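Below are the chains, spelled out letter by letter.
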Amino acid sequence: MSTTTATPQARMMRARKFSHAWLLITVLVIVALSAVRVITGVHEIDSTGTLRAAAIATCPILMAALGGLWSERAGVVNIGLEGQMILGTWGAAYFTYYYDPWIGVLGAALMGALGGLLHAVATVTFGVDHIVSGVAINIIGLGAAEFLAEAYFKNLEGGGVKQLTGLASPTEMTIPGVSDAAADIATQHWFVVSDLAAVVAALTSRLSLLTVLVPVLVVASAWILWRTAFGLRLRSCGENPAAAESLGVHVYRHKYIAVIVSGAMAGIGGGYLALVASSGFTTGQTGGRGFIGLAAMIFGNWRPGGIVGGSLMFGYTDSLTLRSTDAVHALLLLVGIGLAVYALWRLRQGRVASAGVLGAISVGFFAWFLLTDSVPREFTGMTPYVATLLVLAFAAQRLRMPAADGLRYRRGESI
Amino acid sequence: MADTATTHAVVLRDIGKRFPGVVANHDVDITIRTGTVHALIGENGAGKSTLMKILYGVQRPDEGAIILGGQEVQLHSPTDAIAHGIGMVFQHFMLADNLTVLENVVLGAEKLHGIGDAARKTVAELSDRYGFGLDPDQLVEELGVGDRQRIEILKVLYRGAKTIILDEPTAVLVPQEVDALFENLRVLKEEDHTILFISHKLDEVLAIADDITVMRRGTTVGQARPGSVTKHELAEMMVGSELPTPAKEGSTVTDEVQLELANVSVVDPRGRSLLTDISITIHRGEVLGIAGVEGNGQAELVETIMGIRKATYGQVRLGDVDITSWETRGRREAGIGYIPEDRHRHGLLLDSPLWENRILGHQTRRPVAKGMWIDRSGAREDTDRIIEQYDVRTPSTDTLCRALSGGNQQKLVVGREMSGAPALLIASHPTRGVDVGAQAAIWEHIKRARKDGLAVLLVSADLDELIGLSDRIEVLHRGRLVAEFDPRDVTPQDLGAAMTGAHEDAS
Amino acid sequence: MSIVRRFGMGLLAPLTAVAAAMLITSIVISLSGSSAIEFWEIIFSRPADRVFVNIVNQTSLIYLAGLAAAIGFRMNLFNIGVEGQYTLASYAAASLAGAALFPGLLNVFMSLLLAVAVGAAWAGIAGVLKVTRGVSEVISTIMLNAIAITLVGYLLNRYGVKVGNGVRTEVIPDGSRVDGWFPFAEPDGPVWALGLLAVLGGIGFWVLLNKTRFGFDLRATGASQSAAVASGVNVNKMVVYSMLMSGGIAGLIWMPSLFGAAYSYGTTFQAFLGFTGIAVALLGRNQPVGILVGAVLFAFLNEQSNRLTLETDISANVVQITQGVIVLAVVVAYEVVRRYRTKLEQRSVTETLEADKTAKGKAVSA
């Protein structure tokens, strides 16, 4: 009858193997990072300061990616994330100035959600192409934030036509003993130990509560989308809305909710930029992070774990660009090692051709590392985009986007 | 055990349903006994689907009563129908590939057992009880057609349905899968479920049904029990005496070969064989019919001849010319006309005016194009010619194609594909979904062109159409040609047997 | 349906959209405590001569950008990457022109050629990725935008000429500058001669789309890819060609300004035109005349709004909201009108059929 019936035990094994793989990769990354640090002597590549900056750079990208996840899981492509994020930066500034930072975060979510609502009205109710609506929302978001800034911030203290500085930040916390001790160990530059200590130190000193909120939101989103009836219904709208409708699911309603939440998430990402990543609002502050978030979501294969990985990678390279050009140079070695390991793995699988190509690229990176002293800053800035293009070009068959993603759905056109 | 059932699960009395310009159902009377498999048979367009949609609450009847378990009910939506214990399995599966079996089953019915372990347990139990053999945590995309159908049935059972409507459930199944389905249905019957089985395949109906109701032209024309009726009698009830069948005229077959496929095989990128070793020839003035259960390679065969798909092995020759490596455009220019299976997706630009649709497929040829330019006035004039000759009912050539009825759209397609004196016509289900008048007209046009020397490849699911129009019939089964018949001495039953693979060894 | 009615219906959508945008803009201005009346008075005042010239010049740039986007849109290909294509192309052309390898107008011609080639090549990457690897052009062009802009920043920093705080390419020699005509007094500035590229582009686009087989194939692919394939269109080829054409035109976007006023790529480069082009293409329904109307409207709003900053307390940025809302409102309105039109047509067909039946009398009733 059915051809492949795996027993529950086998499935459990597979799931466990899967999480083991993640653990293994994490360990490998840390060891490799540590090795590169020791070899090159560039301790900046995972110093406490770098990791702190990386965390701060990751959060807004991750929020945008999470916004993308909500929307696309319900079948609506949201390239208006950038615009919604911009609206969020303004909302955070306005509400923080008049109330407090947490109301500011709510304000950011609210402004982003407004952008999401607009997108939902256009795409769900009126059946406008998702890309078209997204482009329009980016234009509106940008214009609205600039206009609103000039209209409301011009005469405020610390304000100007393009900015509002001196805003209060969400509470920061430091775990007294641990923070100092870990930071101390981190500066000893011991192999692996110091690297782990740096992670601990980065997470225990002056950690903004908003930074804590971001992973909480990721976990909550994953739980809602994959563990609740509501989430199942929402995802079914992204996979086969006609089937969902035939089973009594209100497709329009779920799409609306998803896109509004999506906007709110992107808005919070924008708020993070204004309140934590910098000390105030400026126009153009998002710098395309909405698009990077979109890239991270694709890179992460429309899955929560994947988007965290993608955002971390993009956030990390982003933070390195600003901090140390030496570290970027050292990173070449890391990429070279990573590719070499991957090539070996491929070779073990018997995929010689692919291993050969990977190996050659890896050698290229080693050569680049040895023959130069620094990498132009701009090249690091390109990393997220180039990486995403490469993933799309060479691993597209492994990507699995929701089946009805981006398609127009009209109620009652099937059955 | 059928006789022990005294109550009636479903009674439909005097049901009528009209759509603008069409009477879909009138005076429909059906009585379905609890715990039986009741077959509803009839030709395409006999009104079976509309009736089922009425019973499932998708559409409201204009007149008549629905009585469930002795109570007259009003069904406003599928939700109402489900609440009354009626479930429906659509012919086209409504499943999300990227979700698991469990998720597909519980979707929309999460209130019953949640979506977690309790639901998983229930699904597993149901699957075991009815011998479905489904793993709740498997992704649907990994499953074959038979399993998918079982998921659909499971969905209905999970919601507590006692009466299950199956709309043409065997259309997409291979024989072994049909056997498995019937086994499932027998188990369901033993568990006191009532099954309404819609089909137009008489052998299957006689094999599984306890009662049979026949529909023709929107109404019920008779009831029967399998023991007391022959296939032939059923066929007569279904078809009636006045149903138009294309009447055959004298042979016009010449010995000039127009199309030749030599050992053509098509393998998809994943390595599955779609067509295996197909060799056919069609002569000028000959109609070659291709019979087969849907999904047995007909679409691939047509696409290979049209150049939409490339043959992995073998040769395609048009007249004396090897066209195996030609693109679609070149093949069309060389004189292949193409009436696609799905006119909305492949034959027309729905939101463009009729005259632009006249250009489609003829972009490089007169009278609609001159060199690299489009000839608008030429296209308009020639559209007028088609409207005239093929009796397309439209206000003007500027009307959007979407606004026309299915029959008129199809006449436009046929008229266009017959333009420019084609040498070969690929006609895929040329009269599907069109009204009887348009059907007769389309048959007439094909016959006339055949007389003038046109070679035709006719793919159809309508066996009468195949037998009536073809000079020769080949049967496709799982991508292979398994049997050849002379339409003068073949019955639909013979064809049906071959189509399900029964002839495979004999041929 | 009569011609008049059809024409009226064609105008209905954009007019509704503009009205909606005006209403929303007025509300936004009023809410922020300024006077909407004052705003519209300034916007609708007669432009000064200098502003008039600017509007014409800006129209030519925006129109080219609109055409570039529209070519892709007509076959449902979302080239979001116009921005990156013309940035990279502008830099390349400015570098070549500044290097003065060729004399006089040949230098101009070669630079334009390079701009087209670079724009086409950059767009072509997305086209090739789409047909060979199935990568969505929306995502790849977004990525390529960012890469192009960063790449130009790098090249400019590395090879550019430092002037004060800024960096620019070498200035184009006198002999290779193409200023244009002065319709008013000299200080009001010239209408750029290379603005003619926009005129040529518009005419070429119209002819291509409506008169040629290629244009028919393009539109057919946009209307229904599956039907186009069945009709013999090689869709993969069409994707690559139209991406190349889209990118090629994108390469020209900033050329009128480069040779007419800026003379080098640097701080004078006008960014964001690519996105404006997308908006204008949508506004004009990807039709040559429609895009022209949209381009004029956008250029007009942009230039007239400059006065706001000097004369009122209203931010000039408010016109961006107006523009964004127009775009969104117009696509919504087109969709609504489309559905309404289909309904009307269906009714008209039914009427024809009914008339047929009554004419034929009772013979059919059997």
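Residues numbered from 1 in each chain as written. Chains lettered and ligands numbered in written order. Predicted model: local features only at pLDDT ≥ 70, side-chain atom pairs only at ≥ 80, totals over all residues.

Visitor: Looking at this structure, I do not really get the overall build of chain B. What am I missing?
Guide: Looking only at helices and strands, chain B features 18 helices and 22 strands. Rg of the C-alpha trace for chain B: 25 Å, near the compact-globule value of 23 Å for 507 residues, within the 12% margin. In terms of principal-axis extent, the alpha carbons of chain B reach across some 70 × 50 × 45 Å. When each of the 507 residues of chain B is scored for burial, the buried share is 50%. At a minimum sequence separation of 6, the contacts of chain B that also span at least 24 residues come to 69%. (Helix = DSSP H or I, 4+ residues; strand = E, 2+ residues; numbered from the N terminus. Rg over C-alpha atoms; globule rule 2.2 N^0.38 Å. Buried ≥ 20, exposed ≤ 12 C-beta atoms within 10 Å, placed from the backbone. Contact = placed C-beta atoms within 7 Å.)

Visitor: How do you make sense of the interface of chain B and chain A when you look at a structure like this?
Guide: Many structure descriptions define interface size as the accessible area lost when the parts assemble. On the side of chain A, 24 residues touch chain B, which itself brings 25 residues to the contact. A per-class count over the side of chain B that touches chain A returns 11 nonpolar, 7 polar and 7 charged. (Nonpolar A, V, L, I, M, F, W, Y, C, P; charged D, E, K, R; others polar.)

Visitor: Looking at this model, I keep getting lost on the confidence of the model for chain C. Mind explaining?
Guide: If pLDDT is low for a region, its predicted coordinates should not be looked at in detail. Taken residue by residue, chain C gives an average pLDDT of 86. The fraction at 70 or more is 94%. Of the regions scoring below 50 in pLDDT, residues 361-366 of chain C engages in 1 contact with residues more than four places distant in sequence or in other chains. (pLDDT = per-residue confidence, 0-100.)

Visitor: I tried to follow the interface of chain C and chain A on my own but got confused; where do I start?
Guide: On the side of chain A, 34 residues touch chain C, which itself brings 34 residues to the contact. Breaking the side of chain C that touches chain A down by element, the ones donating at least two residues are α5 (104-133), α6 (137-159), α12 (273-283) and α14 (318-360) of chain C. Counting residues per element, the side of chain C that touches chain A draws most heavily on α14(C), which supplies 12 residues. Among the residues forming the side of chain C that touches chain A, the class breakdown is 22 nonpolar, 10 polar and 2 charged.

Visitor: How should the nonpolar core be read in this particular structure?
Guide: When a protein is soluble and globular, its nonpolar side chains tend to lie buried together. One finds Ile426(B), Leu64(C) and Val330(C) to be the most contacted residues of the largest nonpolar core, which totals 390 residues. Not counting residues within four places of it along the chain, the set of residues in contact with Ile426(B) comprises Val302(B), Ile305(B), Met306(B), Ile336(B), Gly337(B), Tyr338(B), Ile339(B) and Leu457(B). (Core = buried A, V, L, I, M, F, W, Y, C linked by C-beta atoms within 7 Å.)

Visitor: Just checking my understanding: could you explain unusual backbone geometry for this structure?
Guide: Excluding glycine, a negative phi dihedral is what most residues carry, and trans is how most peptide bonds are arranged. With an omega of 0 degrees, the peptide bond running from Arg366(B) to Pro367(B) counts as cis. Following the sequence through the fold, Pro367(B) ends up in the loop between α13 (354-359) and β17 (369-370). For Asn301(A), which is not a glycine, the phi torsion comes out positive at approximately 60 degrees. For Asn301(A), the location among the structural elements is in the loop between α12 (289-299) and α13 (304-323). On the neighbour-count criterion, Asn301(A) (17 C-beta atoms within 10 Å) is partly exposed.

Visitor: Sorry, what's going on with the sheet that holds strand β6 (residues 86-89) of chain B here?
Guide: Strands pair in a sheet through their backbones, by hydrogen bonds, and they do so in one of two ways: parallel or antiparallel. Residue and element names in this part refer to chain B. Taken together, 6 strands build an open sheet; the order of strands is β6-β7-β8-β3-β9-β10 and the sheet is mixed. Two strands lie at the open edges of the sheet, namely β6 and β10 (219-224), each paired on one side alone. Geometrically, the sheet is characterised by an average inter-axis angle of 20 degrees between neighbouring strands, direction not taken into account. Direction of pairing for strand β9 (residues 211-216) relative to β10: antiparallel, over a ladder of 5 bridges. Residue pairing across strands places Arg 216 opposite Thr 219, the latter belonging to β10. Sheet contacts for helix α1 (residues 48-55): β3 (37-41), β6, β7 (163-167), β8 (194-199) and β9; angle to β7, the most-contacted strand, approximately 150 degrees. (Pairing = 2+ DSSP bridges. Axes fitted to C-alpha atoms, helices over the stretch in contact; angles between N-to-C directions.)

Visitor: Hey, could you run me through the pairing of strand β4 (residues 63-68) of chain B in this one?
Guide: Residues and elements named next belong to chain B. Note: strand β1 (residues 8-19) against β4, 5 bridges, orientation antiparallel. When the sheet's bridge partners are listed, Gly 16 is paired in β4 with Glu 63. Across 3 bridges, β4 lies against strand β5 (residues 71-73) in antiparallel orientation. When the bridges of β5 are listed, Leu 68 appears paired with Gln 71. Hairpin remark: β4 followed by β5, antiparallel, with 2 residues in the connecting loop; positive phi at Gly 69, about 55 degrees.

Visitor: What am I meant to see in the sheet that holds strand β21 (residues 472-477) of chain B here?
Guide: All names here are of chain B. Spatial ordering of the open sheet is given by β16-β19-β20-β13-β21-β22, a layout of 6 strands whose pairing is mixed. Of all the strands in the sheet, the pair left with one neighbour each is β16 (336-339) and β22 (480-485). Between one strand and the next, the sheet's axes are offset by a mean angle of 20 degrees, whatever the strand orientation. Across the face of the sheet, helix α10 (residues 298-306) comes into contact with β13 (287-291), β16, β19 (424-428), β20 (455-459) and β21 while running at roughly 155 degrees to β19. In the packing of helix α15 (residues 406-417) onto the sheet, contacts are made with β16 and β19, and the angle to β16 comes to roughly 170 degrees.

Visitor: Could you clarify how one ought to interpret the confidence of the model for chain B in this entry?
Guide: All names here are of chain B. Summarising the model, chain B shows a mean pLDDT of 83, and 93% of its residues fall at 70 or more. Low pLDDT (under 50) marks residues 1-5, which in the prediction has 8 contacts with non-local residues, meaning those over four places away or in another chain. Low pLDDT (under 50) marks residues 503-507, which in the prediction has 8 contacts with non-local residues, meaning those over four places away or in another chain.

Visitor: For this particular structure, what's the right way to read the domain arrangement of chain C?
Guide: Residues and elements named next belong to chain C. Domain parsing of chain C yields domain 1 (1-34 + 314-366) and domain 2 (49-312). The partner domain 2 presents 12 residues to the 11 residues of domain 1 that form the contact. In the side of domain 1 that touches domain 2, the residues fall into 8 nonpolar, 3 polar and no charged. (Domains from an automatic or database assignment.)

Visitor: What am I meant to see in the domain arrangement of chain B here?
Guide: In terms of domain boundaries, chain B breaks down into domain 1 (2-239), domain 2 (252-335 + 423-507) and domain 3 (341-419). Distance between the C-alpha centres of domain 1 of chain B and domain 3 of chain B: 40 Å.

Visitor: Would you mind showing me how to read the packing of helix α14 (residues 325-348) of chain A against helix α15 (residues 352-371) of chain A here?
Guide: The angle between the axes and the distance between the axes are what describe a pair of packed helices. All names here are of chain A. At their nearest, the axes of α14 and α15 sit 8 Å apart, and the two run at 165 degrees to each other. In this view, α14 runs roughly antiparallel relative to α15, as classed from their interaxial angle. Between α14 and α15 lies a crossing of left-handed hand. Only Val 352, Ser 354, Ala 355, Leu 358, Gly 359, Ile 361, Ser 362, Phe 365, Phe 366, Trp 368 and Phe 369 of α15 make contact with α14, whose side of the interface consists of Leu 332, Leu 333, Val 335, Gly 336, Leu 339, Ala 340, Tyr 342, Ala 343, Arg 346 and Leu 347. Here the residues of the contact of α14 with α15 sort into 16 nonpolar, 4 polar and 1 charged. (Parallel < 35°, antiparallel > 145°, perpendicular 65-115°, else oblique. Left-handed = near helix turned anticlockwise from the far one by under 90°.)

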